Amino acid sequence: FGYGTVTQIRAFVRQAIVAEQAYEPQKTANIGELYMALGFVEMTLAESYCNGIPLGHTDNGNVVLGPPLTNSQVYDSASAHLDTALILTASGPDAGNAFIHQAALIVKARILIDKGQYAAAAALVPAAVVPSSYQYIWTTSSSSNSDDNGHWTINWSVSRLTVADSFDIVNGATNVIKNNLPFASANDPRVPVVTGASQKLVSEDGTTPLFLEAVYKGRDDPIPVASGIDARLIEAEAKLNASDFVGMMTILNALRTAPPKIGNFQPTTMAAIATTPATKDAATTLFFREKGFWTFGRGQRLGDLRRLIRQYGRTDDNVFPSGVYYKGGNYGHVVNFPVPPAELPNGLFTGCIDRAA
């Protein structure tokens, strides 16, 4: 989704909260779910866009302009909404409250990870509270004319995007794309890729080779918004930052040898990784590779790449794709999206504060 769509969703959720509180105040699971969604949207803005995001809103039909905020301040706003969701769903009488509470715990923990509070994040989502099988999923229905699964639309239907790789398929090993994960060629059970004579092999432009991801290949395949996999990865990252590399590997290998579902997709069992990294740098590289394959297509990769710079001290040319782009030119050094000029009618906004990770 683009910036405008995400901020519109934020506005719709805020309006829904007001309506639920006015007309169905007893439905704490519903209201808690909306606060969880509001926190998720704001977290997504902070993970994806530059410092300088305005969080304006309407109050009884009156526009309240928001000043540009740093990513850290937007995370704080998101975290406060998650706290409200957790309070509302903490002691509800039905399974709906418990289910939403688990989702809110995962999103809250993700925000704590974004803030570098690894141990506090892990403490929210132990397996006893959020099992690995847990999934809060986003669904569509073509029969009711709701939005289609975006992966199906842009990859399978219109062939606008293809699964990326660590080298360009046209020039092969002659043009290695530094830092990219080999999603298309790794043959990893978590990111199955469909190709072959029976499938379309060329993208929308008529020249770019097309690789089809098969995790969300159906028009209405559900996509996890929050999952037990996220919870385990949060715990593993806390182990990483405590220099407990053995503990990190125990969690990562448990996921590999007993893989939970991703939406409707069931990855096949993978072999455990036999060697435990000896240094934090090596453990960090391994962890974010594993996380990249577990969370493929779920909007987490950009935020993680930014964190590798911000929290782990790496430079952008050792995190983001770099070198020659096979269609011409070179990869640049921008590590986030700009807040677009559509915000300029807000007199408090003059553009990104900076483009830092």
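Here the residue numbers are simple positions, counted from 1 along each chain's written sequence. Residue-level local features of this predicted model are given only where pLDDT is at least 70; pairs of side-chain atoms are given and counted only at 80 or more, and the full residue set underlies all totals for whole chains, interfaces and linings. Excluded from the side-chain calculation are hydrogens and water; included are all heavy atoms of the structure.

**Focus: the overall build of the protein**
Put simply, the rule reads: Secondary structure follows DSSP: runs of H or I at least 4 residues long count as helices, runs of E at least 2 residues long count as strands, and numbering of each begins at the N terminus. To get the radius of gyration, use the C-alpha atoms; to get the globule rule, take the number of residues to the power 0.38 and multiply by 2.2 Å. Throughout this description, buried means an accessible area under 20% of the type-specific maximum (1.4 Å probe, protein chains only), exposed means over 50%, and partly exposed covers the range between. Contacts: residue pairs with any heavy atoms within 4.5 Å of one another. Each accessible area is a Shrake-Rupley result for a 1.4 Å probe, and residues are judged covered by the shown protein chains and nothing else. Under this rule, positive means Lys or Arg and negative means Asp or Glu; His and the chain ends count for nothing. In plain terms, the charge of a residue is placed at NZ if it is Lys, CZ if Arg, CG if Asp and CD if Glu.
Counting secondary structure elements, the protein contains 10 helices and 8 strands. On C-alpha atoms alone, the protein measures out to a radius of gyration of 21 Å, which is about the 21 Å that the 2.2 N^0.38 rule sets for 357 residues. The dimensions of the protein, computed from C-alpha atoms along their principal axes, are 60 × 45 × 45 Å. For the protein, the proportion of its 357 residues judged to be buried stands at 46%. When contacts within the protein are restricted to residue pairs at least 6 apart in sequence, those whose partners lie at least 24 apart make up 66%. Split by element, the accessible area of the protein, about 16,400 Å² in all, is 58% carbon and sulfur. In the protein, 27 positive and 31 negative side-chain charges are present, and the distance between their average locations comes to 4 Å.

**Some remarks on the packing of aromatic side chains**
Inclusion rule: Here a pair means two rings of Phe, Tyr or Trp (six-membered ring of Trp) with centres within 6.5 Å. Their orientation is stacked below 30 degrees between planes, edge-to-face above 60, and tilted elsewhere.
For the coordinates displayed, the defined rule picks out 10 aromatic pairs. Geometrically, the ring pair formed by Phe-99 and Tyr-134 is tilted, given 5.0 Å between the ring centres and 50° between the ring planes. Taken together, the positions of Phe-99 in helix α4 (residues 95–114) and Tyr-134 in the loop between α5 (118–124) and β5 (135–138) put the pair 35 residues apart, joining distant regions of the chain. Overall, Tyr-134 belongs to the buried group, its relative accessible area being 6%.

**Examining helix α3 (residues 71–89)**
Note the cut-off: Multiplying one less than the number of residues by 1.5 Å gives the expected span of a helix. As used here, the arc belongs to the directions running from the helix axis to the C-beta atoms.
The end-to-end C-alpha separation of α3 is 27 Å, in line with the 27 Å expected for 19 residues at 1.5 Å each. When α3 is considered as a whole, its buried residues turn out to be Asn-71, Val-74, Tyr-75, Ala-78, Ser-79, His-81, Leu-82, Ala-85, Leu-86 and Thr-89. Seen end-on, α3 carries its buried residues on one side only, within an arc spanning 165°.

**A few points about the state of the cysteines**
Defined as follows: Disulfide assignment relies on a single distance test, namely cysteine sulfur atoms paired within 2.5 Å.
Taken as a whole and judged by the stated rule, the model has 1 disulfide. Through a disulfide, Cys-50 is tied to Cys-352; the S-S separation comes to 2.1 Å. Handedness here is read from the sign of the S-S torsion; for Cys-50 and Cys-352, about -85°, the answer is left-handed. Residue Cys-50 is located in the loop between α2 (28–48) and β1 (53–54), and its partner Cys-352 is located in the segment after α10 (301–310); the two are separated by 302 residues in the primary sequence. Judged by its relative accessible area of 27%, Cys-352 is partly exposed.

**Side note on the pattern of salt bridges**
A pair can form between side chains of opposite charge whenever their charged atoms are brought close. Where we set the bar: The salt bridge definition used is simple: a Lys or Arg side-chain nitrogen within 4 Å of an Asp or Glu carboxyl oxygen.
What the rule picks out here adds up to 19 salt bridges. The salt bridge involving Asp-114 is made with Arg-307; its shortest N-O contact spans 3.8 Å. Of the two residues, Asp-114 is situated in helix α4 and Arg-307 in helix α10; the sequence distance between them amounts to 193 residues. Accessibility assignment for this pair places Asp-114 and Arg-307 in one class, buried. Residue Arg-190 is joined to Glu-290 by a salt bridge in which the shortest nitrogen-to-oxygen separation is 2.9 Å. Of this pair, Arg-190 sits in the loop between α6 (150–157) and β6 (193–194) while Glu-290 is found in helix α9 (residues 280–294), placing the two residues 100 residues apart along the sequence. A relative accessible area of 3% places Glu-290 in the buried class. Linked by salt bridges that have partners in common, Asp-114, Glu-237, Lys-291, Asp-304 and Arg-307 make up one network.

**What about a nonpolar patch on the surface?**
Defined as follows: Here a patch means residues that are over 30% exposed by relative accessible area and free of salt bridges, tied together within 9 Å if like-charged and within 5 Å if nonpolar (Val, Leu, Ile, Met, Phe, Trp, Tyr).
A contiguous nonpolar surface patch, about 290 Å² in accessible area, is contributed by Val-63, Leu-65 and Leu-348. Tracing the backbone shows Leu-65 in the loop between β3 (62–64) and β4 (68–69).

**A few points about the nonpolar core**
To keep things clear, this is the line we draw: What is meant by a nonpolar core is a set of buried Ala, Val, Leu, Ile, Met, Phe, Trp, Tyr and Cys residues, joined one to another through side-chain atoms within 4.5 Å.
Within the largest apolar cluster, 77 residues are counted, with the highest numbers of intra-cluster contacts made by Met-36, Ile-53, Val-125, Tyr-136, Met-248 and Phe-287. The dominant element in this core, judged by the number of residues it contributes, is α4, at 10 residues. Among residues more than four places away in sequence, those in contact with Met-248 are Ala-236, Lys-239, Leu-240, Pro-277, Ala-283, Leu-286 and Phe-287.

**What to know about the side chain of Glu-290**
Rules: Any pair of N or O atoms that falls within 3.5 Å is considered a polar contact. Within protein, one atom must be able to donate a hydrogen and the other to accept it, and sequence-neighbouring residues count only if both atoms are side-chain atoms.
Only 2.9 Å separates the side chain of Glu-290 from the side chain of Arg-190, close enough to count as a polar contact. Those residues in contact with Glu-290 that sit more than four places away from it in its chain are Arg-190, Leu-252, Arg-256 and Ile-273.

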